[in-house]
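Descriptive analysis of the structure
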Amino acid sequence: MHSLFDDGVSLARRLARHDPAEGRRTLARNLIDRSTFHTATHEFGPALDDFRQALSCLREAD
């Protein structure tokens, strides 16, 4: 299951290279999804890292 979230983040990173605005929004969404998964599995450090990166992506997308 964990690899599905990692794959989604990887694909979104690739999209961000080709379409920065849409890619960053998609990346932020996928990072938040993975952050939620990390939280559910009590992996709070990685969850916080993903959430912070998602916020950064959203600021850059605007």
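Look above for the structure.
Residues numbered from 1 in each chain as written. Predicted model: local features only at pLDDT ≥ 70, side-chain atom pairs only at ≥ 80, totals over all residues. Heavy atoms only, no water.

1. A word on the pattern of salt bridges
- Here the structure, examined in full by the defined rule, presents 4 salt bridges.
- Between Arg 25 and Glu 22 there is a salt bridge, and its shortest N-O distance comes to 3.3 Å. Here Arg 25 and its partner Glu 22 are both found in helix H2 (residues 20-40), 3 residues apart, which amounts to about one turn of the helix.
- Residue classification places Glu 22 among the partly exposed positions, given a relative accessible area of 31%.
- Here Glu 60 makes a salt bridge to Arg 24, at a shortest N to O gap of 3.1 Å. Here Glu 60, found in helix H3 (residues 44-61), pairs with Arg 24, found in helix H2; they are 36 residues apart in sequence, far enough to count as distant.
- If you follow the salt bridges from partner to partner, you end up with Asp 6, Arg 34 and Asp 50 in one network. (Salt bridge = Lys/Arg side-chain N within 4 Å of Asp/Glu carboxyl O. Helix = DSSP H or I, 4+ residues; strand = E, 2+ residues; numbered from the N terminus. Buried < 20%, exposed > 50% of the residue type's maximum accessible area, 1.4 Å probe, protein only.)

2. Regarding the packing of aromatic side chains
- What the rule picks out here adds up to 1 aromatic pair.
- With centroids separated by 4.8 Å and ring planes inclined at 25°, the aromatic side chains of Phe 5 and Phe 37 adopt a geometry described as stacked. Here Phe 5, found in helix H1 (residues 2-18), pairs with Phe 37, found in helix H2; they are 32 residues apart in sequence, far enough to count as distant. (Phe/Tyr/Trp six-rings, centres within 6.5 Å; stacked < 30°, edge-to-face > 60°.)

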